Each structure stands twice: as structure tokens, then as C-alpha cells.
Amino acid sequence: EKLARLDPAARVVSSYNRARIFMYQDEYEKALQELDTGAKIEPNHPLVKIFRSFVLFYQGKVDESITILKEVLDKNAKMAGIRPILGVFLAFQGKRDEALAQLSDETKGLAKSDHDMSYWMAQAYSVLGETDESFKWLERAIKLGNENKQWFEKDICLKNIRQNPRFREL
């Protein structure tokens with residue numbers, strides 16, 4: 001709210017970041033309302049669409065999430081950083097080969113220095129049942145500053161690794 005007051009041009013940034021917070025709190029309708037606010041200002045803003053796809057995913061609307069992300073990638077081919085998200089969604093549908101194709105060497109290279117991308121890699125590998133890879137990326141995400149412990153403990157994408165003793169250690 002303060003960001004939006006101080007810099008009205010940052011209302012879109014504020015909207016998708018507020019949406020993230022609501023998503024972490026399982027308040028999906030509020031998250032979508034925030035994204036609608038951002039979309040009114042910039043209807044084609046890729047991050048508004050990306051976070052909308054995440055909210056829809058957590059609402060169980062996986063097909064819709066995939067459609068949105070593919071549209072974003074079609075219009076923004078250089079946004080390889082969101083490919084792990086698409087990998088998560090595809091893995092969740094059991095499309096293993098398609099999911100793994102999103103986790104390319106280029107994507108891994110980008111993810112090494114970004115706490116969000118590293119987390120998305122951890123999610124994808126967890127859903128795919130690749131425990132060691134998932135822990136590798138989760139550890140990296142934490143080292144890079146993603147310390148959202150409450151989310152880690154309830155994110156459905158991490159359920160495959162949550163009972164592993166390494167999870168508690170991290």
C-alpha cells in the first residue's frame with residue numbers, strides 16, 4: 001500500500017506482490033482481485049499474468065494456468081525464468097517429459113542466482129518425485145534469501161519431500 005501511495009506508477013508491482021501475499025495466505029479471491037487491479041492498469045503485464053496463473057493453479061485450475069503461461073511465453077520468448085513454473089504445472093498433470101523440457105540447462109543457469117526461480121525448480125522436481133534435485137534447489141532458494149518457511153510447510157508442490165528429514169534440517 002505504501003509503495004502504491006509513494007509511487008502511483010508502481011501500482012502494478014504492488015498489485016502482484018499483494019496478490020502473492022494473499023496466495024500464501026490461501027486467500028485466492030483477494031489475490032485475484034489484486035491482480036485484476038493491476039490488469040486494469042496494464043492488461044498485458046506479464047507478471048500480473050504469471051501470478052494469476054499461480055493463483056489459478058492453487059485453486060485447482062491447472063489447464064487454465066498452463067494456457068496463461070504458454071501465452072506469456074509466446075509473447076515474451078526471453079522470459080525463460082518462468083519456465084520452471086510451467087514445469088511445475090505440467091508435472092502436476094503427470095506430463096513428465098514436457099515438464100523436464102522446461103527445466104533446461106539455460107533455465108537452470110538462470111535459476112542459480114534467483115531465489116524465486118530456485119524455489120520453482122524445487123517445486124517442479126518435488127512434483128516429479130526427484131527428491132535430491134528438489135532439495136538441491138530448495139537449499140539454493142533459501143541461501144539466496146527465500147525464507148518463506150510457512151509457505152514451504154504447506155505448499156502442495158513440496159508434499160513429496162516434506163516428510164524427508166532433510167526438509168526439517170533446511
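To start, this report covers the structure provided alongside it.

Moving on: the overall build of the chain. What the chain contains, in helices and strands, is 12 helices and zero strands. Secondary structure elements of the chain, listed N to C terminal, follow the sequence α-α-α-α-α-α-α-α-α-α-α-α. Considered along the principal axes of its C-alpha atoms, the chain spans approximately 45 × 35 × 30 Å. Sorting the 170 residues of the chain into buried and exposed places 46% on the buried side. Here the contacts in the chain between residues at least 6 apart in sequence split such that 56% fall between residues at least 24 apart. Each charge sign in the chain was given a centre, from 27 positive and 26 negative side chains, and these centres are 2 Å apart.

Here we come to the nonpolar core. Counting residues in hydrophobic clusters, the biggest one holds 53 residues, and the most contacted among them are Leu-35, Phe-54, Tyr-58, Ile-85, Phe-89, Tyr-119 and Leu-138. At the level of secondary structure, the elements contributing two or more residues to this core comprise helix H2 (11-24), helix H3 (28-41), helix H4 (46-58), helix H5 (62-75), helix H6 (83-92), helix H9 (115-127), helix H10 (131-143) and helix H11 (149-152). Those residues in contact with Phe-54 that lie beyond four places of it in its chain are Met-23, Ile-85, Phe-89, Trp-120 and Gln-123.

A separate point is the side chain of Gln-102. When you line up the elements, Gln-102 lands in helix H7 (residues 96-102). In contact with Gln-102, not counting residues within four places along its chain, are Arg-83, Pro-84, Leu-86, Gly-87, Leu-90 and Thr-107.

A few words now on the packing of aromatic side chains. The full count for this structure, using the stated rule, is 10 aromatic pairs. Between the aromatic rings of Tyr-24 and Trp-151, the centroid separation amounts to 5.0 Å while the plane-to-plane angle is 50°, which identifies the pairing as tilted. Here Tyr-24, found in helix H2, pairs with Trp-151, found in helix H11; they are 127 residues apart in sequence, far enough to count as distant. Taking 6.1 Å as the distance between ring centres and 45° as the angle between the ring planes, the aromatic pair formed by Phe-54 and Trp-120 counts as tilted. Here Phe-54, found in helix H4, pairs with Trp-120, found in helix H9; they are 66 residues apart in sequence, far enough to count as distant. Like Trp-120, Phe-54 is buried. Among the aromatic residues, those joined into a cluster by ring pairs are Tyr-24, Phe-54, Phe-57, Tyr-58, Phe-89, Phe-92, Trp-120 and Trp-151.

Analysis parameters
Residues numbered from 1 in each chain as written. Predicted model: local features only at pLDDT ≥ 70, side-chain atom pairs only at ≥ 80, totals over all residues. Heavy atoms only, no water. Helix = DSSP H or I, 4+ residues; strand = E, 2+ residues; numbered from the N terminus. Buried < 20%, exposed > 50% of the residue type's maximum accessible area, 1.4 Å probe, protein only. Contact = heavy atoms within 4.5 Å. Lys, Arg positive; Asp, Glu negative; His and termini not counted. Charge placed at Lys NZ, Arg CZ, Asp CG, Glu CD. Core = buried A, V, L, I, M, F, W, Y, C linked by side-chain atoms within 4.5 Å. Phe/Tyr/Trp six-rings, centres within 6.5 Å; stacked < 30°, edge-to-face > 60°.

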